[in-house]
Amino acid sequence: MAAGETQIYAKVSNKLKGRSTTSLLDPLLGMGFPAHIALKALAATGRKTAAEASDWLHCHCNDPSLDDPIPQEYALFLCPTGPLLDKLQEFWRESRRQCAKNRAHEVFPHITLCDFFTCEDQKLECLYEALKRAGDRTLGAFPPAVPLVLHSSVSYLGFFVNDSTADIIQEFAVMFATEASILADCTVKPCTKQLHLTLAHKFYPHHQRTLEQLARAVHPGHGCQWTAALYSRDMRFVHYQTLRVLFQYKPQNMDELTLSPGDYIFVDPTQQEEASEGWVFGISQQTGCRGFLPENYTERASECDTWVKHRTYTFGVAPDQSSRKDGEASSRRNGEPQPLPVSQSSSLQSLQATILRKSVLVVRHGERVDQIFGKSWLQQCSTPDGKYYRPDLNFPRSLPRRSRGIKDFENDPPLSSCGIFQSRMAGEALLDSGIRITSVFTSPALHCVQTAKHILEELKLEKKIKIRVEPGIFEWTKWEAGKTTPTLMTLEELKGANFNVSMDYRPAFPLPSLLPAERYEDYLHRCAVSMEQIVSIRPQDVGVILVVGHGSALDSCTRPLLGLPPRDCTVFTQLVRKIPSLGMCFLEENKEEGKWELVNPPVKTLTHGSNSAFNWSNWIPGN
């Protein structure tokens with residue numbers, strides 16, 4: 001048992017102060033279940049039917065926490081229904097697709113009426129009665145429409161409730177808190193702050209304008225019935241990550257967890273020391289059992305996916321008058337995003353047409369071996385007969401096979417071990433940011449192709465997206481050593497080395513067209529032409545185009561899109577030589593104004609210090 005759970009259990013009295021007389025309890029008692037466990041099952045299933053509670057108990061027969069007296073946590077939300085909810089669901093989907101996931105996507109559209117509070121299982125019926133009484137007293141004063149005003153800031157977007165209406169809603173919340181205290185002995189803290197319906201929260205600043213434009217399609221005047229909904233959650237797992245099981249898994253060892261599609265797994269990020277790479281230790285919501293599981297059999301779920309809906313109170317004239325009957329059970333995910341009806345598809349298309357935005361993320365490659373070990377790096381790691389060995393941990397474990405042997409790596413160096421780590425760290429950060437990479441283009445230099453490969457692997461896209469090699473964004477050849485362009489790996493060699501490169505892509509500049517010691521103007525021209533082709537492929541696509549190149553690409557590949565004139569050659573040289581490994585520039589297309597804009601990258605910069613070589617023999621006395 002985790003320390004956090006132990007602390008919670010210590011605060012909960014294991015004395016049951018009463019027994020429910022509801023008919024739902026009797027069948028469970030008749031099956032031989034103890035009263036406190038039967039009440040726990042009813043609370044965990046929303047107190048709907050004895051059959052659901054019975055199923056829950058059979059699933060939890062091996063749950064080590066089944067006897068623990070910890071209650072559920074409850075909260076009351078005011079949820080929209082009808083046409084307004086449909087528009088909000090459209091916004092939820094489009095904002096996540098175009099701007100990645102933010103904190104608002106964790107919960108369905110709602111106005112919070114009170115903080116989470118606890119209620120003993122045997123007093124749950126009294127809590128339902130408290131909701132009904134508060135609703136009945138407020139029903140006559142509740143307005144036919146709730147005025148909403150859009151508010152936007154750099155980290156928040158949402159609707160604020162008009163003051164006069166907010167007073168009525170807050171009075172309802174206070175009545176509920178009072179009734180819950182009297183009837184169910186609950187301590188409920190009603191919301192006294194500005195009432196609001198959050199649309200987006202803690203998003204990237206460069207997404208603010210896109211989110212605002214999407215929000216303008218949500219008109220508060222749309223028809224809506226507001227429903228007060230009582231939800232519960234398992235208080236033990238509030239700060240855990242929630243995973244949704246995608247595939248069935250049968251344990252191979254005693255300490256592994258059985259997985260069934262549709263189940264949810266609670267994972268404590270602080271308790272993963274004993275888990276092997278690719279595995280996590282978690283607790284099944286379906287069974288309460290604990291064990292190790294393969295993480296790739298799951299996906300991240302939203303916070304509210306495991307919440308249980310108990311009772312609702314609908315204000316206004318409902319299409320189905322029975323929906324206000326407090327004794328009737330409600331379906332679990334009412335108020336959460338549902339599949340869009342076919343009749344709304346034209347509305348969604350018009351919403352998408354309002355904002356079709358694509359982005360370009362230009363990234364410098366990771367650290368190369370020659371940056372650390374100098375121009376003679378190849379001599380340091382090759383034997384007289386031309387075989388590779390690893391003289392330092394920052395050399396890669398191995399090199400891909402080349403048709404002409406190891407010599408061709410001299411002017412086409414690979415990533416160092418730290419460069420591989422940098423690339424993977426950037427890919428992991430991009431995955432966490434939620435951005436949607438739709439295509440990848442890279443310079444033909446090996447270290448650029450490697451960087452793209454490792455980023456895609458962390459994004460779990462290495463098999464879904466092919467790397468398109470574009471020689472047009474190769475480094476300015478004047479900076480390359482020798483009087484000829486470097487011998488670069490062919491597509492066939494890259495494919496043979498397990499790089500998922502596209503064999504069908506026709507580059508703007510084929511490899512043989514690269515000329516040695518080209519003029520600055522010629523270099524800028526091929527970069528501009530290449531970028532024009534890159535952003536023109538599949539113009540209907542939205543999402544992020546990943547371009548992996550050299551430090552110079554962050555200037556030469558972005559200024560043409562921004563409509564800016566070339567820099568002076570001297571200024572250009574001084575500027576790009578300061579760009580670190582995995583430096584990024586992020587451009588966003590503004591179709592309304594017919595231009596591209598430079599905005600904040602979706603991930604933070606990567607900063608670290610140097611680590612010089614160490615010779616242990618210097619520590620021998622006398623040396």
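No experiment lies behind these values; they were computed from the predicted model shown.

## Details of the overall build of the protein chain
- Across its full length, the protein chain carries 18 helices and 19 strands.
- A burial count over the protein chain gives 51% of its 623 residues as buried.
- Pairs at least 24 apart in sequence give 76% of the contacts found in the protein chain among residues at least 6 apart.

## With respect to the sheet that holds strand E10 (residues 279–284)
- The five strands are arranged E11-E10-E9-E8-E12 in an open sheet whose pairing can be described as antiparallel. Each edge of the open sheet is held by one strand with a lone partner, namely strand E11 (290–294) and strand E12 (298–300). Across this sheet, the average inter-strand angle for adjacent strands is 45°, counted without regard to direction.
- The pairing of E10 with E11 spans five bridges and is antiparallel. Bridge pairing links Val280 to Leu293 in E11.

## A word on helix H4 (residues 50–59)
- Restricting attention to buried positions, one finds in H4 the residues Ala50, Ala53, Ser54, Trp56 and Leu57. Within H4, the buried residues cover an arc of 160° as seen down the axis, which keeps them to one side.

## Details of the pairing of strand E18 (residues 584–590)
- Most of E18 sits inside the fold, with seven of its seven residues counted as buried.
- Because side chains alternate across E18, one face comprises the buried residues Met584, Phe586, Glu588 and Asn590, and the other comprises Cys585, Leu587 and Glu589, equally buried.
- Relative to E18, strand E14 (residues 358–364) runs antiparallel, the two being bridged by five bridges. Of the residues in E18, the one forming a bridge with Ser359 is Glu588.

## Quick look at the confidence of the model for the protein chain
- Taken as a whole, the protein chain shows an average pLDDT of 86; of its residues, 88% reach a score of 70 or greater.
- Low confidence marks residues 3–21, where pLDDT is under 50. Its contacts with residues over four positions away, or in another chain, come to 30 contacts.
- Within the model, the stretch residues 317–356 combines pLDDT values under 50 with 74 contacts to residues more than four positions away or in other chains.

## Brief notes about the sheet that holds strand E19 (residues 595–599)
- Across the sheet, six strands lie side by side as E16-E15-E17-E14-E18-E19; this open sheet has mixed pairing. Two strands lie at the open edges of the sheet, namely strand E16 (467–469) and E19, each paired on one side alone. Within the sheet, the average angular offset between the axes of one strand and its neighbour, ignoring direction, is 25°.
- Where helix H15 (residues 520–536) meets the sheet, its contacts fall on E14, strand E15 (437–442), strand E17 (543–549) and E19, and the angle it forms with E17 comes to roughly 150°.

## So, the packing of helix H12 (residues 417–433) against helix H13 (residues 446–458)
- In the contact formed by H12 and H13, the axes pass within 7 Å of each other and the chain directions differ by 40°. Between H12 and H13, the crossing angle belongs to the class labelled oblique. Both H12 and H13 take part in a crossing whose hand is right-handed. Of the residues in H13, those touching H12 at Ile420, Ser423, Arg424, Gly427, Glu428, Leu430 and Leu431 are Thr451, His454, Ile455, Glu457 and Glu458.
- When its residues are assigned to classes, the contact of H12 with H13 shows four nonpolar, four polar and four charged.

## Digging into the packing of aromatic side chains
- Applying the stated criterion across every chain, the model contains 30 aromatic pairs.
- Seen from their ring centres, Phe281 and Phe292 are 5.2 Å apart, and the 70° between their planes marks the pair as edge-to-face. One end of the pair, Phe281, is in strand E10; the other, Phe292, is in strand E11, with 11 residues separating them in the sequence.
- We classify Phe292 as buried; its relative accessible area is 15%.
- Grouping aromatic residues by their ring pairs yields a cluster made of Phe77, Phe108, Phe116, Tyr231 and Trp307.
- Its guanidinium or amino end placed over the ring of Phe409, Arg402 lies 4.7 Å from that ring's centre, counting from NZ or CZ.

## Some remarks on the environment of Glu129
- If you trace the backbone, Glu129 turns up in helix H6 (residues 124–138).
- The exposure class assigned to Glu129 is partly exposed, which follows from its relative accessible area of 31%.

## Thoughts on the pattern of salt bridges
- This model, assessed by the stated rule, comprises 24 salt bridges.
- Here Glu125 ties to Arg47 by a salt bridge, and the two come within 3.0 Å at their closest N and O atoms. One end of the pair, Glu125, is in helix H6; the other, Arg47, is in the loop between helix H3 (35–44) and H4, with 78 residues separating them in the sequence.
- A relative accessible area of 1% means that Arg47 is categorised as buried.
- A salt bridge links Arg368 to Asp370; its shortest N-O distance comes to 2.8 Å.
- Assessed through its relative accessible area of 18%, Arg368 is described here as buried.
- Overlapping salt bridges, with partners in common, bring together Glu129, Arg133, Arg137 and Glu179 in one network.

## A look at H13
- Look at H13: 19 Å from first C-alpha to last across 13 residues, which is about the 18 Å you get at 1.5 Å a residue.
- Where burial is concerned, most of H13 is hidden: 12 out of the 13 residues are buried.
- Leu446, His447, Cys448, Val449, Gln450, Thr451, Ala452, His454, Ile455, Leu456, Glu457 and Glu458 are the residues of H13 that are buried.
- Along its buried surface, H13 packs onto H12, E15, E16, helix H14 (491–496) and E17.
- Lys460 lies just past H13 and shows a positive phi near 60°.

Conventions we followed
- Residues numbered from 1 in each chain as written.
- Predicted model: local features only at pLDDT ≥ 70, side-chain atom pairs only at ≥ 80, totals over all residues.
- Heavy atoms only, no water.
- Helix = DSSP H or I, 4+ residues; strand = E, 2+ residues; numbered from the N terminus.
- Buried < 20%, exposed > 50% of the residue type's maximum accessible area, 1.4 Å probe, protein only.
- Contact = heavy atoms within 4.5 Å.
- Pairing = 2+ DSSP bridges.
- Axes fitted to C-alpha atoms, helices over the stretch in contact; angles between N-to-C directions.
- Arc of directions from axis to C-beta.
- pLDDT = per-residue confidence, 0-100.
- Parallel < 35°, antiparallel > 145°, perpendicular 65-115°, else oblique.
- Left-handed = near helix turned anticlockwise from the far one by under 90°.
- Nonpolar A, V, L, I, M, F, W, Y, C, P; charged D, E, K, R; others polar.
- Phe/Tyr/Trp six-rings, centres within 6.5 Å; stacked < 30°, edge-to-face > 60°.
- Lys NZ or Arg CZ within 6 Å of the ring centre and 35° of its normal.
- Salt bridge = Lys/Arg side-chain N within 4 Å of Asp/Glu carboxyl O.
- Expected span 1.5 Å × (residues − 1).

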